[in-house]
Amino acid sequence: MTATLEVRDLRTHFFTRGGVVKAVDGVSFEIGKGQILGLVGESGSGKSITGFSILGLVDPPGRIVEGEILLKGESLVGLPEDRLRSVRGNRIAMIFQDPMMTLNPVLRIDTQMIEAVQAHHDVSRDDARARARDALGRVGIPSPEERLSAYPHQFSGGMRQRVAIAIALLNNPELISADEPTTALDVTIQGQILYEVQKLCRETGTSLIWITHDLSVVAGLADKVCVMYAGKLVESGSVDEVLDRPLHPYTKGLIGSVPSRNKRGRPLAQIPGMTPSLLNLPDGCPFADRCQRVQGDCRVALPPMVEYLPGRFARCIHPHLEAAA
Amino acid sequence: MTVFMVRRLMQSVVVLLVMSVIVFLGVFAIGNPVDILISPDADQMERERAIKALGLDLPIWEQYFVFLANAARGDLGRSFVFNEPALRLIFERMPATLELAGTAVVMSLVIGIPLGLYAGLRPQAATSKGIMAGSIVGFSLPTFWQGLMLIMVFAVMLGWLPSTGRGQVATFLGIKSSLFTSDGLAHVILPAFNLALGNAALIIRLTRAGVRESLLQDYVKFARAKGLSNQRVVGVHVFKNILIPLVTVIGLEIGGLIAFAVVTESIFAWPGMGKLIIDSINQLDRPVMVAYLMMIVLLFIAINLVVDILYSAIDPRVRLQDVKG
Amino acid sequence: MTAPLVTLVPPPKIETPFRRLVSEFMESPLAVVGLVVLTIILLVAIFAPLISPQNPYDLAKLDILDSRLQPGSKSMDGMTFWLGTDGQGRDMLSGIFYGLRTSLAVGVFSGICAMMVGMAAGLAAAYFGGRVETLIMRLVDLQLSFPTILIALILLAVLGQGIGKIILALVIVQWAYYARTIRGTALVERRREYVEAAVCLGLSKPRIIFGHILPNCMPPMIVIGTVQVASAIALEATLSFLGIGLPITEPSLGLLIANGFEYLLSGKYWISFFPGIALLVTIVSINLVGDQLRDVLNPRLRK
């Protein structure tokens, strides 16, 4: 069976005045039907650009320079704009980070939902509106009929994100790419939204890429996890195994940085230093300067992704294997 | 809405009163009206009689109330030059000015919006850079010199268009205007274009800036992620957002056009209010100056009111109660 | 052989904010051209008496027989009038040099005065708040709702002619733009974290206003300043053209153009044309520079 989405060796580079920024530089993963993939990384690690690359929405001076993106085995890279457009919002939908900014402030909710239906289906305005109303109901917005005629500023942040999710669900996509959709929300709202999304994906068989910097979100939500650092994938595997037994020192550091209840009183582990500038990455492992396990050979060449354990990949030549023993 | 209108009307009355004080002080109190109103040959007796008749012996605040009471009855004095009520003179000339300004507004929109959209959507294209350079020249051109050059090229050298006067006037639906005759239209083209050019440049720049700003917003990216066509994204999502600054500026500029018509009317001998005011200033015809200023204030208050109402129609975030005068 | 841990890299050029501004400014060739032209114009205006072929206002030097000569003609005593002569036999080139001097002086001086007045009023409004703010801002609103030319017309009608009076009129017309801008920016800046930090450090209020808020308000002031100087020059020319600006004894570009109006219809274009070009080039180059400054100084458009 072909995966819903397969990304192979994706490279998206930005050609700026100061040089080439390799925002995404060799990312591969696949998602099966109904699966949830957590794409984790710090800001600037290229996780959002990966999401935009899938939809062909990278703005100049950025472009995809290499790699394959296969939706049910069909290549998306290099498709003409109108073919890509029929995929966007229809077969692959997207949810953005800040619900305050994603809805157009001067258009009513129904306008913004109906146009999303009519962009892909030849249906009447009334039918499209009915679909919009159902979608609002499905994401738990009370009295959807009245809310349809409201403007975005009349909704709270959490409600707006529900509207954005409803828009993503409108055309029953095969895949939704969600770019930190709960970061801007209150914790309680965040929990509700996570629950709703998980439920809806299970019900409809929609696959989901959840882009986040928050490992604790991934822990409760995803099936698989991919960790990105400086534009590169550094570790991947099933969510439980990666969290229980991280192979890459960076992943281990990330997990250690999450405050947790049962470690109270002990100093929080942290990763020293900052993410390197993507403009002039040194040879070798990009994490070397911040890594506690760094050795001389780390700086020679970029380590390859190696399958150290079944289904467990890491880009590290000195992984945390001893813990496994 | 009613609350808003009442408050606005009260504010307008205050503005009118303040302006009347300023105008009264400016035009009547500074300088000695006696010297201007009374023939220098008059003997002492005649002078005193005239001073009494004109009420110039009263304290200044009483003079102001006399002026105000007369103004409330629509009597702003008689023109020294034409020996006619000043207000009637203004009303006679006003249609010509409004006709000129109206034509100029339409011209500037027709020229400005398409060029601005183009330059905003393709900021790197050579054509766009040409448009922007042209717009800088357009609003740098001093109106009066640009008018002279238009006359030189199109009237003197090419002989295509007439350069002075309003041409033949016809009445249609009770409105007397030169826009209804071909001769009148030929006469209006050069002065209206002269008046429109600077404005068109402004609209180009405003539209372009709005488009560029809008395109960076998440809601545009989200609209594209929904799979909307480019036409829909630009025509609805971007355009409706740039309408807001456009309406404001156009509203303000209509007032500016009416004022700058002073220059254009002088050059093209267009028989409007602007030419009248320049003549009045040169001949120290104070009642006409006062009448002109008070009419302009009224006109501006009316324009601002219309702009605010339009504003609330376009931008759902603005409710009329919130608008400050 | 072990790989050296420290490699010798040439130290990177430190990008100071100023250096970045300069390099971003240089990105637009048009703006650079504008800056160069503007510099030349300024030099011409400053050294007008030294480089003009003739002192156009020394009536003893003018010969009525030289009047209305075409560009390139020779005078009675062998001087070449590259741009022709006007109705009084005045060399247009010299007239333009002197006119630029007057126009620029009036524009720049009134611009500086207006900026001072506007900054004082705007900062006062932002600092004191309450009644003072309401009063100042109402005045600004009232004034800004009327076109500049209208206010200038009224003022000059009341004040009469003269170089001091036109500068006064230009200052009155312009101060409100500066006041509104600086108050707006100051109010935004006042809520920024760095001001809170300064307050927490216990810095005095004047120190915060002049040392912290004011410098951050300067970018928009510079942009407004360029635009305003350009419009002051245009406005002065317009008023002089209409005959209510500078007196005949202080001939600016506007007056030169007005003098040529009557000859225009008979095809003697040069009397109005060349001073107008000089005026246009001046205003365009100021606006080109201002335009690029606006893009460079606007953090929102930064890549």
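Residues numbered from 1 in each chain as written. Chains lettered and ligands numbered in written order. Predicted model: local features only at pLDDT ≥ 70, side-chain atom pairs only at ≥ 80, totals over all residues. Heavy atoms only, no water.

**Some remarks on the overall build of chain C**
Across its full length, chain C carries 11 helices and 2 strands. In chain C, the succession of α and β elements from N to C terminus is α-α-α-β-β-α-α-α-α-α-α-α-α. When burial is assessed residue by residue, chain C has 50% of its 303 residues classed as buried. At a minimum sequence separation of 6, the contacts of chain C that also span at least 24 residues come to 69%. Carbon and sulfur atoms make up 68% of the accessible area of chain C, which amounts to about 15200 Å² in all. (Helix = DSSP H or I, 4+ residues; strand = E, 2+ residues; numbered from the N terminus. Buried < 20%, exposed > 50% of the residue type's maximum accessible area, 1.4 Å probe, protein only. Contact = heavy atoms within 4.5 Å. Areas by Shrake-Rupley, 256 points an atom, 1.4 Å probe, with all protein chains shown as cover.)

**Focus: the packing of helix α6 (residues 126-140) of chain B against helix α8 (residues 182-215) of chain B**
All names here are of chain B. Two elements in contact, α6 and α8, have axes whose closest approach is 8 Å; the angle formed by their N-to-C orientations is 140 degrees. With respect to each other, α6 and α8 are oriented oblique. For the element pair α6 and α8, the recorded crossing hand is left-handed. Here I131, M132, S135, I136, G138 and F139 of α6 lie close against α8, whose contacting residues are G198, A201, I204, R205 and R208. For the contact of α6 with α8, a count of residues per class yields 6 nonpolar, 3 polar and 2 charged. (Axes fitted to C-alpha atoms, helices over the stretch in contact; angles between N-to-C directions. Parallel < 35°, antiparallel > 145°, perpendicular 65-115°, else oblique. Left-handed = near helix turned anticlockwise from the far one by under 90°. Nonpolar A, V, L, I, M, F, W, Y, C, P; charged D, E, K, R; others polar.)

**Description of the interface of chain A and chain B**
Taken together, the contacts link 27 residues of chain A with 21 residues of chain B. Summed over both partners, the interface of chain A with chain B comes to about 2300 Å²; 61% of that surface belongs to carbon and sulfur atoms. For the pair chain A and chain B, the interface holds 4 salt bridges. The shortest N-O distance in the salt bridge between A:D59 and B:R224 comes to 3.1 Å. (Buried area = accessible area lost by both parts, 1.4 Å probe. Salt bridge = Lys/Arg side-chain N within 4 Å of Asp/Glu carboxyl O.)

**With respect to the pattern of salt bridges**
Residue and element names in this part refer to chain A. This model, assessed by the stated rule, comprises 28 salt bridges over all chains. Across the salt bridge formed by K232 and D25, the nearest N and O atoms sit 3.6 Å from each other. Here D25 lies in strand β2 (residues 19-31) and K232 lies in strand β10 (residues 232-238), a separation of 207 residues in the sequence. Under the relative-accessibility criterion, K232 is labelled buried at 6%. Among the residues examined, D25 registers a relative accessible area of 12% and is labelled buried. Residue K47 pairs with E180 through a salt bridge whose shortest N-O separation is 3.3 Å. Of this pair, K47 sits in helix α1 (residues 47-54) while E180 sits in the loop between β7 (175-179) and α8 (187-204), and the two are 133 residues apart along the sequence.

**Description of the sheet that holds strand β5 (residues 74-75) of chain A**
Residue and element names in this part refer to chain A. The sheet built from 4 strands is open, its strands ordered β2-β1-β4-β5 with antiparallel pairing. Edge positions in the open sheet fall to β2 and β5, since each of these has one partner strand only. Relative to strand β4 (residues 62-71), strand β1 (residues 5-16) is paired through 8 bridges, and the arrangement is antiparallel. Of the residues in β4, the one forming a bridge with T12 is I64. (Pairing = 2+ DSSP bridges.)

**Quick look at the sheet that holds strand β3 (residues 36-40) of chain A**
Picture the strands of a sheet paired through backbone hydrogen bonds; they go either parallel or antiparallel. Residues and elements named next belong to chain A. One open sheet holds the 8 strands; their spatial order is β6-β7-β8-β3-β9-β10-β12-β11, and the pairing between them is mixed. At either margin of the open sheet sits one strand with a lone partner, and together these are β6 (92-95) and β11 (306-309). This sheet shows a mean twist of 20 degrees between the axes of neighbouring strands, independent of strand direction. Judged from the 2 bridges that link them, β10 and strand β12 (residues 312-314) form a sheet pairing that is antiparallel. Note on β12: the bridge partner recorded for E235 is A314. Here helix α7 (residues 157-169) sits on the sheet in contact with β6 and β7, set at roughly 175 degrees to β6.

**Thoughts on the interface of chain B and chain C**
Facing the 42 residues of chain B at the interface are 38 residues of chain C. Roughly 3600 Å² of surface becomes buried between chain B and chain C when both sides are summed, with 81% attributable to carbon and sulfur atoms. Counting the surface chain B buries against chain C, the share from its top three residues, B:F144, B:W145 and B:L148, is 17%. On the surface where chain B and chain C come into contact, there are 1 salt bridge. Remark: the boundary between chain B and chain C carries 3 residue pairs in polar contact (both at pLDDT 80 or more). Listing elements by their share of the side of chain B that touches chain C, those giving two or more residues are α1 (2-29), α6, α7 (143-157), α8, α10 (230-268), α11 (273-282) and α12 (286-314) of chain B. For the side of chain B that touches chain C, the element with the most residues is α10(B), which contributes 8 residues. Classifying every residue of the side of chain B that touches chain C gives 33 nonpolar, 7 polar and 2 charged. (Polar contact = N/O pair within 3.5 Å; in protein donor to acceptor, adjacent residues only side chain to side chain.)

**Considerations on the state of the cysteines**
Evaluated as defined, the whole model comprises 0 disulfides over all chains. For the unlinked cysteine A:C316, the closest cysteine sulfur is that of A:C291, found at 6.2 Å. Take A:C316: its relative accessible area is 9%, and that puts it in the buried class. Summary of cysteine pairing: C:C200 is not part of a disulfide, and the nearest cysteine sulfur, belonging to C:C217, is at 20 Å. On the basis of relative accessibility, which here comes to 69%, the residue C:C200 falls in the exposed class. (Disulfide = S-S within 2.5 Å.)

**So, unusual backbone geometry**
Excluding glycine, a negative phi dihedral is what most residues carry, and trans is how most peptide bonds are arranged. All names here are of chain A. A cis amide bond, omega 10 degrees, links P60 with the succeeding residue P61. Structurally, the position occupied by P61 is in the loop between α1 and β4. One non-glycine residue, K72, lies in positive phi territory at about 50 degrees. Turning to its location among the elements, K72 is positioned in the loop between β4 and β5. Although it is not a glycine, A230 sits at a positive phi angle of roughly 50 degrees. On the basis of relative accessibility, which here comes to 2%, the residue A230 falls in the buried class.

**Remarks on empty space enclosed by the protein**
Residues and elements named next belong to chain A. Summed over the entire model, instances satisfying the criterion amount to 6 cavities of 30 Å³ or more. One number sums up the size of the largest cavity: a volume of about 70 Å³. Lining the largest cavity we find 13 residues, and of these P249, C285, C291, C298 and C316 sit closest to its centre. When its residues are assigned to classes, the lining of the largest cavity shows 10 nonpolar, 2 polar and 1 charged. (1 Å grid on protein atoms, 1.4 Å probe; cavity = no way out; pocket = protein on both sides within 12 Å on 5 of 7 lines; lining within 4 Å. Points joined across faces, edges and corners; volume = space filled by probe spheres on them.)

**Some remarks on the pairing of β3(A)**
Across a regular strand the side chains alternate sides, sitting on one face of the sheet and then on the other. Residues and elements named next belong to chain A. Buried residues dominate β3, accounting for 5 of its 5 residues. Burial along β3 is two-sided: the residues I36, G38 and V40 and L37 and L39 are all buried. Summarising the sheet, β3 and strand β8 (residues 207-212) pair through 5 bridges and their orientation is parallel. Following the sheet pairing, L39 is matched in β8 by I211. Judged from the 4 bridges that link them, β3 and strand β9 (residues 224-229) form a sheet pairing that is parallel. Its bridge partner being in β9, G38 is matched across the sheet by V225.

**Focus on a nonpolar patch on the surface**
All names here are of chain C. Residues L42, L43, I46, F47, L50 and I51 make up a contiguous nonpolar surface patch of about 580 Å² in total accessible area. Breaking the nonpolar patch down by element, the ones donating at least two residues are α2 (29-46) and α3 (48-51). Looking at the nonpolar patch, the element that brings in the most residues is α2, giving 3 residues. Relative to the helices and strands, L42 is located in helix α2. (Patch = residues over 30% accessible without salt bridge, like charges linked within 9 Å, V, L, I, M, F, W, Y side chains within 5 Å.)

**Comments concerning the pairing of β10(A)**
Residues and elements named next belong to chain A. Counting buried positions along β10 yields 6 of 7 residues, so the element is predominantly enclosed. With 6 bridges joining them, β9 and β10 adopt antiparallel strand pairing. The partner of K224 across the bridge, within β10, is S238. Between β9 and the antiparallel strand that follows it, β10, lie 2 residues; A230 among them carries a positive phi value of about 50 degrees.

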